[in-house]
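# Analysis of the macromolecular model
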Amino acid sequence: MIKLSVNVNKIATIRNSRGGRLPSVLAAVETCVRAGAQGITVHPRADARHITSADVRDIAGFLPGVGRRVEYNIEGDPRPDLVELVHSVTPDQCTLVPVQPGEITSQAGWSATTPLAVLGKLVRELRDARVRVSLFVDAHDAPIRWAADLGADRVELYTEPFARAFEYGGAEARRSFAAYVEAAELAHSLGLGVNAGHDLDLDNLVMFRTLPHLDEVSIGHALISRAVFEGLQESVRGFLAVLIEK
């Protein structure tokens, strides 16, 4: 079964645009869990423009009491304060993501030319702390092999290129998806689990859910955007229904 991890960054973005406590990130998490989401994802950035360290700790305190296993995934670049935060709450998974100065959202996965020493020690430390490590990579051979060499548990395939190809439909969509199938097969052969995320929505997910060895999708923007019109609980259930239906 493919797990859905809901990224609640956008809830924090709305809250921070006005100040105060509304909408409540914790209430959003509770709603997602009640609707059946198997995971919650946050990406606390250095400028705290959406998720804050307080949010991270609040969610970490809330999830163990929900009555069933809901995985907690913290995304971010390996800066010292993020690493300290991850160690302080020990989530189920830490997804290490490269960050470019001034970016609005993630634009690419880790380059395969990134020296192993840059992340190797951190990967070992997180795994020793029983935190699963996933590395955000493009759907190409070199970065996937690089992730395996680093000792990561999983890769998260960056899916925006697939989403853009899907918009063209037909051969373009199939060609892009075939590249992701090859990437997933390679990752699996190297002992890596396969996650995916970025610009997945209810339309392109119908094709992407057939990706072999897919463990988890992390979805935020499309899910929260849909929730504006139909409600957060129904939006989560809609995405779960697509993942379950084969």
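All of these numbers come straight from a predicted model, not from anything done at the bench.

## Some details on helix H1 (residues 9-18)
Of the residues making up H1, those classed as buried are Asn9, Ile11, Ala12 and Arg15. Buried residues in H1, looked at end-on, bunch into an arc of 155°, giving them a common side. Exposed positions of H1 whose direction lies more than 90 degrees from the buried face are Ser17 and Arg18. Of the surrounding secondary structure, the elements contacted by the buried residues of H1 are strand E1 (3-7), helix H2 (25-35), strand E2 (39-42), helix H3 (53-62) and helix H10 (221-230). With its phi angle positive at about 90°, Gly19 sits one or two positions after the end of H1.

## Overview of unusual backbone geometry
Along the chain, Leu22 connects to Pro23 via a cis peptide bond; the corresponding omega equals -5°. Tracing the backbone shows Pro23 in the loop between H1 and H2. A positive phi angle, near 115°, is found at His198, a position not held by glycine. Tracing the sequence through the fold places His198 in the loop between strand E7 (193-197) and helix H9 (205-208). For His198, a relative accessible area of 16% gives the class buried. With phi around 70°, Asp199 is a residue other than glycine that occupies positive phi space. When you line up the elements, Asp199 lands in the loop between E7 and H9.

## Some points on the pairing of E1
Consecutive residues of a regular strand have side chains that alternate between opposite faces of the sheet. Where burial is concerned, most of E1 is hidden: 4 out of the 5 residues are buried. Both E1 and strand E8 (residues 214-219) contribute to a ladder of 4 bridges, which runs parallel. Residue pairing for E8: Val6 is matched across the bridge by Ile219. As defined by bridge partners, E1 adjoins E2 across 3 bridges and the pair is classed as parallel. Among the inter-strand pairings, Ser5 is bridged to a residue of E2, identified as Gly39.

## Focus: the packing of aromatic side chains
The full count for this structure, using the stated rule, is 8 aromatic pairs. Measuring from centroid to centroid gives 6.1 Å for Trp110 and Trp146, while their planes differ by 35°, and the two rings are tilted. Here Trp110, found in the loop between strand E4 (93-96) and helix H5 (116-128), pairs with Trp146, found in helix H6 (residues 141-150); they are 36 residues apart in sequence, far enough to count as distant. The burial state of Trp110 is the same as that of Trp146; both residues are buried. Each ring, one from Phe177 and one from Phe208, has its centre 6.0 Å from the other, and the planes form 75°; the classification is edge-to-face. Separated by 31 residues along the polypeptide, Phe177 in helix H8 (residues 170-189) and Phe208 in helix H9 bring together distant segments of the chain. Judged by its relative accessible area of 12%, Phe177 is buried. The class for Phe208 is buried, based on a relative accessible area of 0%. In textbook terms, an aromatic cluster arises when at least three aromatic residues are bridged by ring pairs, as seen for Phe162, Phe166, Phe177, Tyr180 and Phe208.

Cut-off values and rules
- Residues numbered from 1 in each chain as written.
- Predicted model: local features only at pLDDT ≥ 70, side-chain atom pairs only at ≥ 80, totals over all residues.
- Heavy atoms only, no water.
- Buried < 20%, exposed > 50% of the residue type's maximum accessible area, 1.4 Å probe, protein only.
- Helix = DSSP H or I, 4+ residues; strand = E, 2+ residues; numbered from the N terminus.
- Arc of directions from axis to C-beta.
- Contact = heavy atoms within 4.5 Å.
- Pairing = 2+ DSSP bridges.
- Phe/Tyr/Trp six-rings, centres within 6.5 Å; stacked < 30°, edge-to-face > 60°.

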